[in-house]
Amino acid sequence: NDKPDMNFGIPLMDDFSVRRVLSSIAAAQPRNYIIMEVKSNLINEERQELVRRFCAPPYKKVAVVVMGSPSSDFKERILDLILKEKQENLEQEWRNKKEEDERKKTIELQQKQLADAKRKAEEQANVGAVPKAKPEAGSDNKDGNASQMAIDGEGAKQPDEKGVETEAAGKKDEGGDADVKEEDDQDKKPEDEEEEEEAMPVAELSEEEKKLLFRKKSDTDLTMWVLSNSFPKFSIPEDSEGFDQIRYEWENESQSKEYLKQYILQKKVHCRIEDLQPSDWFRAKWSEWQKVLQEWHNKQSEYKETAKFKEKKAAEEAAAKKTAEESEEKKDEQGDEKMKEEKKDEKEKESGDDIFAVEDVCDVGTGEPLFARFTFEDWALLSLRLELLLLVHAFKKDVSDPERVGIHETHLPFYYQKYYRKTFNVKYYGVESNSALVDMVKDTVVIRPSDMVLEAQLSEEMDSFDIFVKLTEESRRERQRRMDAGDETVKLKFSKPETPPQKGAQQVTPRPYQVTVGGNAPMKGNTGSKGYFQPRPQQQDKGWYAGGNNKGTYGSKGAVTYGGLQGAAVGGKSYGGQQSYGGGKSYGGGNTYGKGYGK
């Protein structure tokens, strides 16, 4: 490429020391020089640095601009190179195929020879194993004369019969030899026949290849890192930079500038910003969202523990069972159409009022949060909506460039990891592409077909995050209605990530410790359980638990869930008449630490 790594193992060459020395003494030798550096020749500051090296009178500094649509000679040369490269590839494929065919023929011939040898060995074994005819066991010849006559008769007929047998055997042998010969000829026939060799293919350019102006190479002139950091500064040489002449080879000055402008705009979409860093605005929004999301998780957990929720769930299960039984009875009487209408009316009744008319998503009017029925998949889609929308708006703010219209679809994993510090894997959501994932939350973010850039459907200015709950609940109900109608294609198939073991957690039996109370005296709870406090007479009996605002006896165990995780609790702080702190923090059944201070 433009400045490849040397890697010669020679320090002075690998660190470009020799290059700097040659550049410094080159101007002292009056010769004709061509400086072929792609990046340096396209950046104003670096061009001026190169011009200053050759400021001596003998030198005439000429800038040659080669941009835009190439000349006919260049096009012909490029097409010839493409055709030559294509021909070389075809010839290599033809040679590989020919070698493979010859290898297969050799293997077949060897297998055939082995089969023939085996067949001949079996034939020879069968000929040698033919048993001799045994005389039949009959009655003894009582009449010696009769026996003698019989023997004489056999002897008389033996020459004729022997001649007949010999003739038959000769014919048989002749026929056998003919068969063997015919088989041998048949086996040798394909080998002797010369197969027509496949002619070497001739490459031809397709219509699309004939329209190409440039040839794609495996090694680029600039690495992606260098190009992404430098292309916004590309410019056309000007007379004020110290050139004696500026020559345009393909197109004139205005056309070249327009070509470069369009190139930069295109690269601003397709090239990612390697050194982009999230702004304070993004960090504040992200921190605020995490707090709100945690509160919603806690609210759902608390609601599911209430007796009202359990009664409602039991009533729904009984109603569903009753509906199923009634459906079986009505199936033959009233038909399927009426059943579908009744089912639709029930679903509409369950859906209640308009989702977007709800003022408080934590209480729709009966103490039930709007997200009460959210499952793991719904929470994942809720977070995905916020994360993609926040990412789109934060990107525009952080780049501060109106020409960077947004994040290209192929760069979504890169920017997601840079902003959120976590892996973006679409397979967790049961899809195979970024576009398929974005289509799942198209009410929040879409991919613009014209340039494949992510486009936000909601404004960055919002009073609360409630809109994401409403959109997720609307999507959940629509998905449920379609599944009830028999459409299994909308069923979500998310992969639940494994919860990593908590740092420092130990699966050991709790060990009790003696509690001591006094000025700055530490108090330990059971290891792996909730912290507790030993009450003192002079302290008040009531206090408030931090986070849950649930009253309880001072010094009792904390009961506020931590992070929505099963088996995790935070010991509450209690404030009595005299400032004292009781309770301990328990993380997922791990170590428990509690401190008590009494005055």
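Residues numbered from 1 in each chain as written. Predicted model: local features only at pLDDT ≥ 70, side-chain atom pairs only at ≥ 80, totals over all residues. Heavy atoms only, no water.

A. Representation of the environment of M224. Looking at the secondary structure, you find M224 in helix α8 (residues 224–230). It is 9.0 Å that separates the C-alpha atoms of M224 and R272, two residues lying 48 residues apart in sequence. (Helix = DSSP H or I, 4+ residues; strand = E, 2+ residues; numbered from the N terminus.)

B. Layout of the packing of aromatic side chains. With the rule as written, the count across this model stands at 21 aromatic pairs. Here W289 and W296 contribute two aromatic rings whose centre-to-centre distance is 5.9 Å and whose plane-to-plane angle is 80 degrees, an arrangement assigned as edge-to-face. Take W289 and W296: they sit in the same class, and that class is buried. Considering the side-chain rings of W289 and F465, the 5.3 Å spacing of their centres and the 70 degrees angle between planes classify their relative orientation as edge-to-face. Of the two residues, W289 is situated in helix α10 (residues 280–304) and F465 in the loop between β4 (453–456) and α16 (466–484); the sequence distance between them amounts to 176 residues. (Phe/Tyr/Trp six-rings, centres within 6.5 Å; stacked < 30°, edge-to-face > 60°. Buried < 20%, exposed > 50% of the residue type's maximum accessible area, 1.4 Å probe, protein only.)

C. Local environment of the nonpolar core. Membership of the largest hydrophobic core comes to 48 residues, with the highest contact counts inside it found for W289, W296, L382, L391, Y415, Y420 and V469. At the level of elements, α10, α13 (376–399), α14 (412–420), α15 (434–439), β3 (445–448) and α16 are the ones that each hand at least two residues to this core. The contacts of Y420, once residues within four sequence positions are left out, are F282, W286, L386, E387, L390 and L391. L42, V51, M67 and L260 belong to the second-largest nonpolar core, a separate cluster that totals 16 residues. (Core = buried A, V, L, I, M, F, W, Y, C linked by side-chain atoms within 4.5 Å. Contact = heavy atoms within 4.5 Å.)

D. Structural context of unusual backbone geometry. Here the phi dihedral of S400 falls at roughly 50 degrees; this positive angle occurs in a residue that is not glycine. Counting through the fold element by element, S400 comes out in the loop between α13 and α14. Of note in the backbone geometry, M452 takes a positive phi value of approximately 60 degrees without being a glycine. By the element assignment, M452 lies in the loop between β3 and β4. With relative accessibility at 32%, the residue M452 sits in the partly exposed group.

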